[in-house]
Amino acid sequence: MKVPISKSIFTQEDMSHVLQPLSDGWVVQGPKVERFESMWSQFTKAEYSIATTSCTSALFLSIDSLNLEEDDEVIVPALSWISTANVVENVGCKTVFCDIDLSTFNINLDDLRSKITNNTKAIIPVHLFGYPVDIEIIKEIIGDRKIYIIEDAACGFGAYVNDIHVGTKGTFGCFSFHPRKAISTGEGGMITLNDKKYLNKIRSLRDHGMDYGSDIQNNKPSFMKDHENAGYNFRMTDIQASLGISQMNRADQILRERHDIANIYDEAFNSNNQIGNPIIIEENFIHGYQSYACIFKPKDVKKALLTGNYESLINISENRNKFMDELANAGIGTRPPTHAIHTLSYYRDKYKTRPHDYPSAWAANICGFSIPIFPGLTEEDQNYVIETIFKYLN
Ligand SMILES: *Cc1c(COP(=O)(O)O)cnc(C)c1O
């Protein structure tokens with residue numbers, strides 16, 4: 001690909017950071033992970049941060065720590081990466097899907113209200129593609145019911161509502177360091193939390209269930225700590241954390257570059273109605289721009305959804321596919337924005353969902369597409385992307 005959808009650019013500085021644990025000889029979770037966690041807390045203003053192997057394991061540890069039961073329901077937007085729902089299944093709870101809003105790609109609040117039952121124990125709002133969900137509104141909807149909020153902030157680095165970083169308002173916030181995300185450690189994740197009650201529990205579950213609560217200090221060679229949980233090994237390595245630390249040192253620059261690229265796309269697509277990014281950024285919201293997601297023929301999509309004309313939606317989708325093929329032929333990488341989870345066979349078979357049960361999530365999945373955005377994308381390459389798109393549309 002001449003212009004891939006995403007590309008990890010590592011600096012000399014990043015590389016020398018990665019070599020440090022190798023020359024020190026300490027590579028597993030240790031001082032670098034601790035430093036990365038504290039930088040993360042500083043940046044997001046979360047009270048605590050806990051590094052993990054991925055956002056998926058961060059989500060899993062979060063939900064696992066709540067001791068939910070078999071009939072408990074967890075509400076998940078139907079449009080997200082599949083792991084947002086998989087973790088609900090992995091702890092044995094019931095996934096309840098909720099549709100999204102095509103003007104934000106995020107959870108539809110009216111639909112959320114209608115999905116809450118006496119069995120609802122948690123909601124996983126997703127700050128999809130880096131556009132924030134206002135967690136305060138979700139708290140209002142919950143009212144005085146005991147429902148946990150686990151923020152899927154995998155894409156949420158650099159996203160704010162009223163100067164508050166995403167991932168810090170729910171019981172937990174979960175971030176990803178996969179290469180498609182703004183900060184990348186290869187694989188990696190982070191849990192943010194403010195309630196100390198969960199701190200040792202999650203640290204314990206991350207580390208084979210080892211006792212983190214008691215202060216027993218014993219340096220005798222015969223001493224081993226107790227294990228109070230049947231935990232897991234979801235520890236990040238110091239090699240990965242070093243890469244994270246190095247990128248956190250230039251976090252503002254990474255985010256600025258993403259914004260600059262997004263602004264150029266916004267300007268270019270403003271005046272046409274055949275494709276575009278549907279998000280109109282709300283006042284006091286800051287987009288993190290993990291992805292730049294667009295809808296193909298947005299007016300036609302909206303009309304098809306309003307009239308329930310799903311044949312027309314599929315038709316638009318086929319044209320989108322041709323458009324994506326053409327861009328690929330021109331050396332430009334695009335991808336569908338993310339999964340309509342309820343259409344994937346595990347969920348379709350288990351919950352008997354039909355694509356149009358969550359029509360906006362389905363439409364975003366089959367009529368949307370993401371275009372290249374990453375720090376290091378040159379102006380020349382970006383112009384080539386824009387020109388090629390317009391050449392096709394005309
Ligand atoms: C990337 C992503 C995940 C998974 O993150 P990993 O670190 O790859 O496990 C989960 N949810 C959303 C919304 C994502 O975009």
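Structure: above.
Residues numbered from 1 in each chain as written. Predicted model: local features only at pLDDT ≥ 70, side-chain atom pairs only at ≥ 80, totals over all residues. Heavy atoms only, no water.

(A) Structural detail: the overall build of the chain. For the chain, the count of helices and strands is 14 helices and 13 strands. Expected size for 394 residues packed as a compact globule is a radius of gyration near 21 Å; at 22 Å, the chain falls within 12% of this value. Each principal axis of the C-alpha distribution contributes one length, and for the chain these read about 75 × 55 × 35 Å. Residues counted as buried form 55% of the 394 residues belonging to the chain. Contacts in the chain between residues far apart in sequence, at least 24 positions, make up 72% of those at least 6 positions apart. Accessible surface computed for the chain: about 18,000 Å², of which carbon and sulfur atoms make up 48%. Averaging the coordinates of the 38 positive side-chain charges in the chain and doing the same for the 50 negative ones gives two points 2 Å apart. (Helix = DSSP H or I, 4+ residues; strand = E, 2+ residues; numbered from the N terminus. Rg over C-alpha atoms; globule rule 2.2 N^0.38 Å. Buried < 20%, exposed > 50% of the residue type's maximum accessible area, 1.4 Å probe, protein only. Contact = heavy atoms within 4.5 Å. Areas by Shrake-Rupley, 256 points an atom, 1.4 Å probe, with all protein chains shown as cover. Lys, Arg positive; Asp, Glu negative; His and termini not counted. Charge placed at Lys NZ, Arg CZ, Asp CG, Glu CD.)

(B) Region of the structure containing the state of the cysteines. On inspection of all chains with the given rule, the structure shows zero disulfides. For the unlinked cysteine cysteine 155, the closest cysteine sulfur is that of cysteine 55, found at 8.1 Å. No disulfide involves cysteine 367; its sulfur sits 13 Å from the nearest other cysteine sulfur, which is in cysteine 294. (Disulfide = S-S within 2.5 Å.)

(C) Region of the structure containing helix α14 (residues 379-393). With 15 residues, α14 ought to run about 21 Å at 1.5 Å a step, and its terminal C-alpha atoms sit 21 Å apart, in line with that. Among the residues of α14, those classed as buried are Asp381, Gln382, Val385, Ile386, Thr388, Ile389 and Leu393. Down the axis of α14, the buried side of the element spans an arc of 160 degrees, and every buried residue falls inside it. Looking at α14, the residues exposed on the side facing more than 90 degrees away from the buried face are Glu379, Glu380, Glu387 and Lys391. Against the buried residues of α14 lie α9 (251-269), β10 (275-276), β12 (292-296), α11 (310-329) and β13 (368-371). (Expected span 1.5 Å × (residues − 1). Arc of directions from axis to C-beta.)

(D) Representation of a nonpolar patch on the surface. On the surface, Leu19, Leu22, Trp26, Val27 and Val28 cluster together into a nonpolar patch covering about 460 Å² of accessible area. Along the chain, tryptophan 26 turns up in the loop between α1 (12-24) and α2 (31-44). Given a relative accessible area of 47%, tryptophan 26 falls into the partly exposed group. (Patch = residues over 30% accessible without salt bridge, like charges linked within 9 Å, V, L, I, M, F, W, Y side chains within 5 Å. Salt bridge = Lys/Arg side-chain N within 4 Å of Asp/Glu carboxyl O.)

(E) Seen up close, the pattern of salt bridges. The final tally for this structure, using the stated rule, is 12 salt bridges. Between aspartate 14 and arginine 250 there is a salt bridge; the shortest N-O distance is 2.2 Å. Of the two residues, aspartate 14 is situated in helix α1 and arginine 250 in the loop between α8 (238-248) and α9; the sequence distance between them amounts to 236 residues. Taken as a pair, aspartate 14 and arginine 250 share a single burial class, namely buried.

(F) How the structure looks around the sheet that holds strand β11 (residues 285-286). Across the sheet, three strands lie side by side as β7-β6-β11; this open sheet has antiparallel pairing. Because the sheet does not close on itself, it has two edges, and the strands there are β7 (164-165) and β11. As paired strands, strand β6 (residues 160-161) and β11 are joined by two bridges and run antiparallel to one another. Bridging across to β11, tyrosine 160 finds its partner in isoleucine 286. (Pairing = 2+ DSSP bridges.)

(G) Up close: the sheet that holds β13. The strand order across the open sheet built from three strands is β10-β12-β13, with neighbouring strands paired in antiparallel fashion. Each end of this open sheet is capped by a strand with a single partner; those strands are β10 and β13. Contacts between helix α13 (residues 359-367) and the sheet are confined to β12 and β13, with β13 contributing the most and set at about 50 degrees to the helix. (Axes fitted to C-alpha atoms, helices over the stretch in contact; angles between N-to-C directions.)

(H) Local environment of the site of the ligand. Taken together, 16 residues form the shell around the ligand, and within it Cys55, Thr56, Asp152, Ser176 and Lys181 come nearest. In this structure, threonine 56 approaches the ligand through a side-chain N or O atom, which is 2.5 Å from an oxygen atom. At 2.8 Å, a side-chain N or O of aspartate 152 approaches a nitrogen atom of the ligand. Starting from 380 Å² of accessible surface for the ligand in isolation, the protein chains cover 90%. Every element with two or more residues in the shell around the ligand is listed here: α3 (55-64) and α4 (83-90). Of the residues that constitute the shell around the ligand, the class distribution is six nonpolar, eight polar and two charged. (Near = heavy atom within 4 Å. Polar contact = N/O pair within 3.5 Å; in protein donor to acceptor, adjacent residues only side chain to side chain. Nonpolar A, V, L, I, M, F, W, Y, C, P; charged D, E, K, R; others polar.)

(I) Summary view of unusual backbone geometry. Notably, lysine 45 is not glycine yet its phi reads approximately 65 degrees, a positive angle. Along the chain, lysine 45 falls in the loop between α2 and β1 (48-52). Lysine 45 sits in the exposed class, given a relative accessible area of 70%. Positive phi, close to 50 degrees, is recorded for tyrosine 289, a residue that is not glycine.

(J) The arrangement of the packing of α9 against α14 in detail. Remark: α9 packs on α14, axes separated minimally by 11 Å, with the N-to-C direction vectors making an angle of 25 degrees. Relative to α14, the element α9 is oriented roughly parallel. Between α9 and α14 the crossing geometry is right-handed. Between α9, through Ile261, Ile264, Tyr265, Ala268 and Phe269, and α14, the contact on the second element is made entirely by Gln382, Val385, Ile386, Ile389 and Phe390. Its residues assigned to classes, the contact of α9 with α14 comprises nine nonpolar, one polar and no charged. (Parallel < 35°, antiparallel > 145°, perpendicular 65-115°, else oblique. Left-handed = near helix turned anticlockwise from the far one by under 90°.)

(K) Region of the structure containing the packing of aromatic side chains. The final tally for this structure, using the stated rule, is 25 aromatic pairs. Ring centres of tyrosine 232 and phenylalanine 234 lie 5.4 Å apart, and the angle between their planes is 20 degrees; this geometry places the pair in the stacked category. Residue tyrosine 232 is classed as partly exposed on the basis of its relative accessible area of 24%. Taking the ring centre of tyrosine 384 as reference, the NZ or CZ of lysine 2 above it sits at 4.9 Å. If you follow lysine 225 out to its NZ or CZ, it ends over the ring of tyrosine 212, 5.3 Å from the centre. (Phe/Tyr/Trp six-rings, centres within 6.5 Å; stacked < 30°, edge-to-face > 60°. Lys NZ or Arg CZ within 6 Å of the ring centre and 35° of its normal.)

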